[in-house]
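The residues making up each chain are set out below.
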Amino acid sequence: MIEIKNLSHSFGKNNVLKDINLTLEDGKIYGLIGINGAGKSTLMRLLSSVYRPSQGEIWIEGEKLDSSYSQKELIFFLPDDPYYNFNATPKSLAKMYQIFYPRFDMSLFYTYINRFNLKENDKVIHFSKGMRRRLFLCLAIACRVKYLFLDEAFDGLDPLARIEFNHFLLEALEHNTMTVLISSHSLKDLEEIMDSYIILDSQSVLASGKMMESFEQYVKYQMAFTTPILAEEFADLQPTELKIVGKIVQIVVRRQDGVLEKLEALHPVMIEEIEMDFNDYFTNLVMEGGKHI
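Computed from a predicted model, the values in this text were never measured in an experiment.

A. The side chain of Asp151, seen in detail. Inspection of the secondary structure assignment puts Asp151 in the loop between strand S7 (147-150) and helix H6 (159-175). Buried and unpaired, Asp151 has Arg45 as its nearest opposite-charge partner, separated by 4.3 Å. The contact partners of Asp151, leaving out residues within four places of it in the chain, are Ser41, Met44, Arg45, Phe77, Leu78, Pro79, Asp80, Arg133 and Ser183.

Take a look at the structure:
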């Protein structure tokens, strides 16, 4: 388990993170969400001991995080643009990581690079960005760490490769209990794999929670009327989202007793509940200013 207590970080006078308090449970996949500059990469580097926090503490396995090798063996941080030297090949990188990660599974590594059609002796410098991303994802999984931090995990992967990555990450979790923190701008990809989410905004945690529990907070309806209707008719419901196109209305409100009855009182000719996705939830949460769950 990872506990983050009153964590703040700044670069000179530039405050990046402020008063972060989170608990990451074992064996869960967390989606880390936020616009560019929200502090996602900084938080991952703090969790990986790449940076030392300006204030606050990080505890891993009941011990305060420091730069000890015993703790580093538990953690793999994959940045958006990982380093490799000019002559590096998949084979040479695997042997290097094997030195630093005693549980490195060479057989698993070759299983994954074969899935992605990566040749062990080809130079990484000649790989496309997507190929490099696949390679380092394979290395990350093969290290068999307890904490895996993936910054922009899906960047450079085509749609089929993203599906394949999700599959083998879930497969890896079946054989090795890991806590995974994934940052991405692709809410759809995160929704398909994460158990819980963390949303960063304005230097702090805007919201965090479990996927299924959070979705239950809102309800989305689509309605049709015989004549155009004004937005003022829905004011009492305090919608977080309201779209009116002619005689068609889409509305999102917090789930509460009596919502459907109030909508039916407006005499629509059709009303139906629409399934929400994480993008809907994220949009409405930001509109409301966030809430810790």
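B. Summary view of the packing of helix H5 (residues 129-142) against H6. Closest axis-to-axis distance for the H5/H6 pair is 11 Å, and the angle between their directions is 5°. Judged by the inter-axis angle, H5 sits roughly parallel to H6. Note on element contacts: H6 touches H5 through Ala161, Phe165, Phe168, Leu169 and Ala172, opposite Arg134, Leu137 and Ile141. Of the residues contributing to the contact of H5 with H6, the split by class is seven nonpolar, no polar and one charged.

C. Molecular detail of the sheet that holds strand S6 (residues 75-78). Pairing is mixed in the open sheet, where six strands are placed in the order S6-S7-S8-S3-S9-S10. At either end of the open sheet lies a strand with only one pairing partner, and these are S6 and strand S10 (204-210). On average, each strand axis in the sheet is tilted by 15° relative to the strand beside it, whichever way the strands run. Pairing of strand S3 (residues 29-33) with strand S9 (residues 196-201) involves four bridges; the strand directions are parallel.

D. Fine view of the side chain of Ser48. Mapped onto the elements, Ser48 comes out in the loop between helix H1 (40-47) and strand S4 (55-60). The contact partners of Ser48, leaving out residues within four places of it in the chain, are Ile75, Phe77 and Phe149.

E. Highlighting a nonpolar patch on the surface. On the surface, a nonpolar cluster with roughly 330 Å² of combined accessible area is contributed by Met96, Ile99 and Phe100. With respect to the helices, strands and loops of the structure, Phe100 is situated in helix H3 (residues 90-100).

F. Region of interest: the state of the cysteines. A complete count under the given rule lists zero disulfides for this structure. For the unlinked cysteine Cys138, the closest cysteine sulfur is that of Cys143, found at 11 Å. A residue is classified by how much of its surface remains accessible, and Cys138, at 0% relative accessible area, is buried. Since its relative accessible area comes to 1%, Cys143 is described here as buried.

G. Region of the structure containing unusual backbone geometry. Backbone geometry at Gln203 places phi at a positive 75°, although glycine is not the residue there. Relative to the helices and strands, Gln203 is located in the loop between S9 and S10. Even without a glycine there, the phi angle at Gln238 is positive, about 50°.

H. Up close: the nonpolar core. If you look at the biggest cluster of nonpolar residues, it comprises 58 residues, and the most contacted ones within it are Leu148, Leu150 and Ile182. At eight residues, the largest contribution of residues to this core is made by H5. The residues contacting Ile182, other than those within four sequence positions of it, are Ile29, Tyr30, Gly31, Leu32, Met44, Leu150, Ala153, Phe154, Leu169, Leu190 and Ile193. In terms of nonpolar packing, the next biggest core, distinct from the first, is built from 26 residues, Leu7, Leu32, Phe77 and Leu200 among them.

I. Up close: the packing of aromatic side chains. Across all of its chains, the model carries eight aromatic pairs by this definition. Between Phe109 and Tyr110, the aromatic rings sit 5.4 Å apart at their centres with planes inclined by 75°, giving edge-to-face as the arrangement. Given the relative accessible area of 24%, Tyr110 is considered partly exposed. Chaining the aromatic ring pairs together yields one cluster made of Phe76, Tyr97 and Tyr101.

J. Structural detail: the packing of helix H4 (residues 106-115) against H5. Two elements in contact, H4 and H5, have axes separated by 9 Å at closest approach and are oriented at 155°. Classified by the interaxial angle, the pair formed by H4 and H5 is roughly antiparallel. Between H4 and H5 lies a crossing of right-handed hand. Of H5, the residues touching H4 (which contributes Leu108, Phe109, Tyr112 and Ile113) are Leu135, Cys138, Leu139, Ile141 and Ala142. Across the contact of H4 with H5, the residue classes tally to nine nonpolar, no polar and no charged.

K. Broad picture of the pattern of salt bridges. Summed over all chains, the structure comprises eight salt bridges. For the salt bridge of Glu61 with Lys146, the shortest nitrogen-to-oxygen distance reads 3.1 Å. One end of the pair, Glu61, is in the loop between S4 and strand S5 (63-64); the other, Lys146, is in the loop between H5 and S7, and 85 residues separate them in sequence. We classify Lys146 as partly exposed; its relative accessible area is 23%. The residue Asp105 makes a salt bridge to Arg144 at a minimum N-O spacing of 3.1 Å. In this pair, Asp105 is assigned in the loop between H3 and H4 and Arg144 in the loop between H5 and S7, connecting sequence segments 39 residues apart. Sharing partners across several salt bridges, the network here consists of Asp26, Glu61 and Lys146.

What counts and how
- Residues numbered from 1 in each chain as written.
- Predicted model: local features only at pLDDT ≥ 70, side-chain atom pairs only at ≥ 80, totals over all residues.
- Heavy atoms only, no water.
- Helix = DSSP H or I, 4+ residues; strand = E, 2+ residues; numbered from the N terminus.
- Buried < 20%, exposed > 50% of the residue type's maximum accessible area, 1.4 Å probe, protein only.
- Lys, Arg positive; Asp, Glu negative; His and termini not counted.
- Salt bridge = Lys/Arg side-chain N within 4 Å of Asp/Glu carboxyl O.
- Contact = heavy atoms within 4.5 Å.
- Axes fitted to C-alpha atoms, helices over the stretch in contact; angles between N-to-C directions.
- Parallel < 35°, antiparallel > 145°, perpendicular 65-115°, else oblique.
- Nonpolar A, V, L, I, M, F, W, Y, C, P; charged D, E, K, R; others polar.
- Pairing = 2+ DSSP bridges.
- Patch = residues over 30% accessible without salt bridge, like charges linked within 9 Å, V, L, I, M, F, W, Y side chains within 5 Å.
- Areas by Shrake-Rupley, 256 points an atom, 1.4 Å probe, with all protein chains shown as cover.
- Disulfide = S-S within 2.5 Å.
- Core = buried A, V, L, I, M, F, W, Y, C linked by side-chain atoms within 4.5 Å.
- Phe/Tyr/Trp six-rings, centres within 6.5 Å; stacked < 30°, edge-to-face > 60°.
- Left-handed = near helix turned anticlockwise from the far one by under 90°.

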